[in-house]
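Overview (structure and organization)
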Amino acid sequence: MPALFCAALSALWYHHRDLAYIRVLALSYATRALGFGIFYFAFALQDPVLRFSANVFLMLSMTLLSAGLSARRGQPPRHGVLLVVAAVTLGILYYYQFVEPSLLARVVCLNSGLTAVGLLMLFDVRKRAGATPVEHVLFGLIIVSCVGFILRPFFLLASGIADEQFEGAYWLIVSISDALICAMMAVGIFAVIASDVMDSIKSDAQVDALSGLFNRRGFEPRALKALARQTAGAPVAMILSDLDHFKSINDRFGHISGDRIIQSFSEVLKKTAPRDAIMARLGGEEFAILLSPGKGLTAQALAEQARSAFKDVAPGIVSGEARPTASFGIAIARENEDLYALLNRADRALYQAKSDGRDCVRLID
């Protein structure tokens, strides 16, 4: 079962390389499969070294699972804590495997270590504002898994099984319970991945591939939300920009050169605009920047900075005589003004900049 989940996760990662955490989760299930393969031979051959090795792989599998869930949240894995939990658990296992053999002590130790890692995983998918339903499901499944690890030793102790049958009974309980835990966790993980893939598809549909900025579909809903947050004393500002003589440059130097100009201009905007600005390539050579409420007074200075920065890098974009420049038009939102009226006023300011000789910034009242 873990091998099948590993294969499925590997296939998902192959088709969605941007979701790098899937690779870690696939490695976790591969390690789990290897651990249970070793367990089979360990019990068949009655080899204590193989038993200890199998437990090592099982603990490694859980730590990789925790690291994968951390990576999904964009957080660095808790390497230090995971290393301490694994080292303590395996150290005690080694003692009760080779120094003072005790199956019950090993059962309690291993399941305590797995529970500790499971609790760390809960922090990676803990409930928070904005958590998705599938994250809630995964959270619940991790709790169930932790409960399963905790209860395994108690099932054995409560059963009253004789010592000579204890090991066989434990292997049976482990086989059944781990299959259930493995399957439950996989259900939650695949649900989370499916949600992430859908979010990625939606994001791709709203981003312009060439510039890396939003397209009109991604820009408009975000701009509407920003307009709804503005107040009379803290309006938003719309900056429209257009690359000067872009069509003639494109025709003369080719579309590849035109693409380089668009990419370079987009990079200038990303470096110049504040982090909370909403930037988009509305189409062709036209770009928009919406500054968040309260930052309207900085719009003209920002546009001048972007214009100057692009003019400085322009000579290195296309070899030859091309010296691309950009014109900017700015409109500060009025009270109760809708997005399309604001865009229209910014467009009139941009037209004025074009009429005044291009490569300049104009602000409309």
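Quick note: structure is the one above.
So, here is what we can say about the structure in this document. Note that the structure is a prediction, hence the values are computed from the model and not measured.

Before going further, it helps to examine the overall build of the protein. Within the protein, the secondary structure is distributed over twelve helices and five strands. Since a compact globule built from 365 residues should have a radius of gyration of about 21 Å, the 30 Å found for the protein marks it as more spread out than a globular shape. Buried residues in the protein amount to 47% of all 365 residues. Look at the contacts in the protein between residues 6 or more apart in sequence, and 70% of them connect residues 24 or more apart. Of the roughly 17900 Å² of accessible surface on the protein, a fraction of 62% belongs to carbon and sulfur atoms. Taking the 35 positively charged and 32 negatively charged side chains of the protein as two groups, their mean positions are separated by 1 Å.

Taken as a whole, this structure holds eleven aromatic pairs when the rule is applied. Measuring from centroid to centroid gives 6.1 Å for phenylalanine 265 and phenylalanine 328, while their planes differ by 50 degrees, and the two rings are tilted. Here phenylalanine 265 is found in helix α10 (residues 255-272), whereas its partner phenylalanine 328 is found in strand β4 (residues 326-332), with 63 residues between them in sequence. The same class applies to phenylalanine 265 and to phenylalanine 328, which are both buried. Members of the aromatic cluster, connected to one another through ring pairs, are Phe265, Phe287, Phe310 and Phe328. Positioned above the aromatic ring of tryptophan 13, the side-chain terminus of arginine 17 is 4.3 Å from the ring centre.

Here we take up the side chain of aspartate 196. Looking at the secondary structure, you find aspartate 196 in helix α7 (residues 163-205). At a separation of 2.8 Å, a polar atom in the side chain of aspartate 196 contacts the side chain of arginine 72. Those residues in contact with aspartate 196 that sit more than four places away from it in its chain are Leu19, Tyr21 and Arg72.

Tallied over the full model, the rule gives 16 salt bridges. The partner of arginine 216 in a salt bridge is glutamate 220, with the nearest N and O atoms 3.4 Å apart. Here glutamate 220 and arginine 216 lie together in helix α8 (residues 216-229), a separation of four residues that amounts to about one turn. We classify arginine 216 as partly exposed; its relative accessible area is 36%. Lysine 354 is paired through a salt bridge with aspartate 244; the nearest N and O atoms lie 2.9 Å apart. Linking lysine 354 in helix α12 (residues 339-355) with aspartate 244 in the loop between β1 (237-243) and α9 (246-253), this pair joins segments that are 110 residues apart in sequence.

Successive side chains on a regular strand alternate, one facing one side of the sheet and the next facing the other. Within strand β2 (residues 278-283), five of the six residues are buried, which leaves the element mostly enclosed by the surrounding structure. Both β2 and strand β3 (residues 286-291) contribute to a ladder of five bridges, which runs antiparallel. Bridge pairing in β3 places alanine 280 opposite alanine 288. Counted between consecutive antiparallel strands, the loop separating β2 from β3 contains two residues, among which glycine 284 sits at a positive phi close to 55 degrees.

A separate point is a nonpolar patch on the surface. On the surface, Leu104, Val108, Ile143, Val147, Ile150, Leu151, Phe154, Phe155 and Leu157 cluster together into a nonpolar patch covering about 760 Å² of accessible area. The set of elements that each furnish at least two residues to the nonpolar patch consists of α5 (103-124) and α6 (133-159). No other element matches α6, which puts seven residues into the nonpolar patch. The residue leucine 157 is located in helix α6 in this model.

Over its 18 residues, α10 extends 26 Å from the first C-alpha to the last, a length consistent with the 26 Å expected when each residue adds 1.5 Å. When α10 is considered as a whole, its buried residues turn out to be Ser257, Gly258, Ile261, Ile262, Phe265, Ser266, Val268, Leu269 and Thr272.

Moving on to the packing of α9 against α10. One way to put it is that α9 packs onto α10 with a least axis distance of 6 Å and a crossing angle of 135 degrees. The angle between α9 and α10 places the two elements in the oblique class. Contacts between α9 and α10 involve Phe246, Ile249, Asn250 and Phe253 from the former and His255, Ser257, Gly258, Ile261 and Ile262 from the latter.

Here we take up unusual backbone geometry. If you check the backbone angles, asparagine 336 has positive phi at about 65 degrees while not being a glycine. Mapped onto the fold, asparagine 336 is located in the loop between β4 and α12. Of note, the phi angle at arginine 358 is positive, near 65 degrees, even though the residue is not glycine.

Within the secondary structure, alanine 71 is located in helix α3 (residues 48-72). For the pair alanine 71 and alanine 20, spaced 51 residues apart in sequence, the C-alpha to C-alpha distance is 8.0 Å.

Rules of the game
- Residues numbered from 1 in each chain as written.
- Predicted model: local features only at pLDDT ≥ 70, side-chain atom pairs only at ≥ 80, totals over all residues.
- Heavy atoms only, no water.
- Helix = DSSP H or I, 4+ residues; strand = E, 2+ residues; numbered from the N terminus.
- Rg over C-alpha atoms; globule rule 2.2 N^0.38 Å.
- Buried < 20%, exposed > 50% of the residue type's maximum accessible area, 1.4 Å probe, protein only.
- Contact = heavy atoms within 4.5 Å.
- Areas by Shrake-Rupley, 256 points an atom, 1.4 Å probe, with all protein chains shown as cover.
- Lys, Arg positive; Asp, Glu negative; His and termini not counted.
- Charge placed at Lys NZ, Arg CZ, Asp CG, Glu CD.
- Phe/Tyr/Trp six-rings, centres within 6.5 Å; stacked < 30°, edge-to-face > 60°.
- Lys NZ or Arg CZ within 6 Å of the ring centre and 35° of its normal.
- Polar contact = N/O pair within 3.5 Å; in protein donor to acceptor, adjacent residues only side chain to side chain.
- Salt bridge = Lys/Arg side-chain N within 4 Å of Asp/Glu carboxyl O.
- Pairing = 2+ DSSP bridges.
- Patch = residues over 30% accessible without salt bridge, like charges linked within 9 Å, V, L, I, M, F, W, Y side chains within 5 Å.
- Expected span 1.5 Å × (residues − 1).
- Axes fitted to C-alpha atoms, helices over the stretch in contact; angles between N-to-C directions.
- Parallel < 35°, antiparallel > 145°, perpendicular 65-115°, else oblique.

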